[in-house]
Amino acid sequence: AQSVTQLDSHVSVSEGTPVLLRCNYSSSYSPSLFWYVQHPNKGLQLLLKYTSAATLVKGINGFEAEFKKSETSFHLTKPSAHMSDAAEYFCVVHSNTGNQFYFGTGTSLTVIP
Amino acid sequence: DTEVTQTPKHLVMGMTNKKSLKCEQHMGHRAMYWYKQKAKKPPELMFVYSYEKLSINESVPSRFSPECPNSSLLNLHLHALQPEDSALYLCASSRAGNTIYFGEGSWLTVV
């Protein structure tokens, strides 16, 4: 069975400081993992995805994530937060059975000016 | 082009009304999804269509009725909804085993 745990429901950072949003997964096989961002009153936008190629994945808007199989983690990072990064972030794992996607509970990122 | 288009963006309906939400994608994806999202919560899966056939129905009440007329279109027919059904309804599509792409959503208010 697949599942995703986002370890922080809220993260607050100052503008210009690094961002770390944590995600752990559970999967019985090599998973496909994704990070999505949702700005207020908007749909979900793909930030980046891991599909068993390079373990360090670069995404849009300066975000990147590292797949660590030994730690079953896929944490999202950004070197320097921008005000426009304030949003809800979802870690997602894909299941081959039934073509389903499993969502974490989300992390709300606040950026302080 | 990674676009999923949803209409309408906003819908207000009474509890006795019948309305429909529409979704369209032209990426050649053969899996299409309806999700319901409440404020500050992750999307909850409602239905999955795979090759125009309903493959997953997550015990959704019958007042929600999905329809997939062809590989590009997905509808969600609404009838006799309750106020607690007010939410953001997200359509999405994916190529099997690959990335899922979301529309901007339809905000539904049931009065």
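The structure contained in this document is the topic of the report that follows. (Residues numbered from 1 in each chain as written. Chains lettered and ligands numbered in written order. Predicted model: local features only at pLDDT ≥ 70, side-chain atom pairs only at ≥ 80, totals over all residues. Heavy atoms only, no water.)

1. Some points on the nonpolar core
One broad trend across soluble globular proteins is that nonpolar side chains are buried collectively.
Here comes step 1: One finds Trp35(A), Leu48(A), Phe74(A), Leu76(A) and Tyr89(A) to be the most contacted residues of the largest nonpolar core, which totals 26 residues.
Here comes step 2: Aside from chain neighbours lying at most four places away, what touches Tyr89(A) is Gln6(A), Leu21(A), Trp35(A), Tyr36(A), Val37(A), Leu47(A), Phe63(A), Leu76(A), Gly106(A), Thr107(A) and Leu109(A).
Here comes step 3: The next biggest cluster of nonpolar side chains, apart from the first, holds 23 residues, and it includes Met27(B), Phe47(B), Leu74(B) and Val110(B). (Core = buried A, V, L, I, M, F, W, Y, C linked by side-chain atoms within 4.5 Å. Buried < 20%, exposed > 50% of the residue type's maximum accessible area, 1.4 Å probe, protein only. Contact = heavy atoms within 4.5 Å.)

2. Notes on the pattern of salt bridges
Here comes step 1: Under the definition given, this model contains six salt bridges over all chains.
Here comes step 2: Note that Lys42(A) and Glu104(B) form a salt bridge whose closest N and O atoms lie 3.9 Å from each other. Taken together, the residues Lys42(A) in the loop between β5 (32-38) and β6 (45-50) and Glu104(B) in the loop between β10 (100-102) and β11 (106-110) connect one chain to another.
Here comes step 3: A relative accessible area of 42% places Lys42(A) in the partly exposed class.
Here comes step 4: The closest approach of N and O atoms between Lys78(A) and Asp85(A), which form a salt bridge, is 2.8 Å. In terms of burial, Lys78(A) and Asp85(A) fall into one category: buried. (Salt bridge = Lys/Arg side-chain N within 4 Å of Asp/Glu carboxyl O. Helix = DSSP H or I, 4+ residues; strand = E, 2+ residues; numbered from the N terminus.)

3. Here we look at the packing of aromatic side chains
Here comes step 1: Inspection of the entire model under this criterion finds 14 aromatic pairs over all chains.
Here comes step 2: Geometrically, the ring pair formed by Tyr25(A) and Phe67(A) is stacked, given 5.7 Å between the ring centres and 25° between the ring planes. Here the residue Tyr25(A) occupies a position in strand β4 (residues 23-26), and Phe67(A) occupies one in strand β8 (residues 64-68), the gap between them amounting to 42 residues.
Here comes step 3: The exposure class of Tyr25(A) is buried, given its relative accessible area of 7%.
Here comes step 4: Joined through ring pairs, the aromatic side chains of Phe34(A), Tyr36(A), Phe90(A), Phe101(A), Phe103(A), Tyr33(B), Tyr35(B) and Phe102(B) make up one cluster. (Phe/Tyr/Trp six-rings, centres within 6.5 Å; stacked < 30°, edge-to-face > 60°.)

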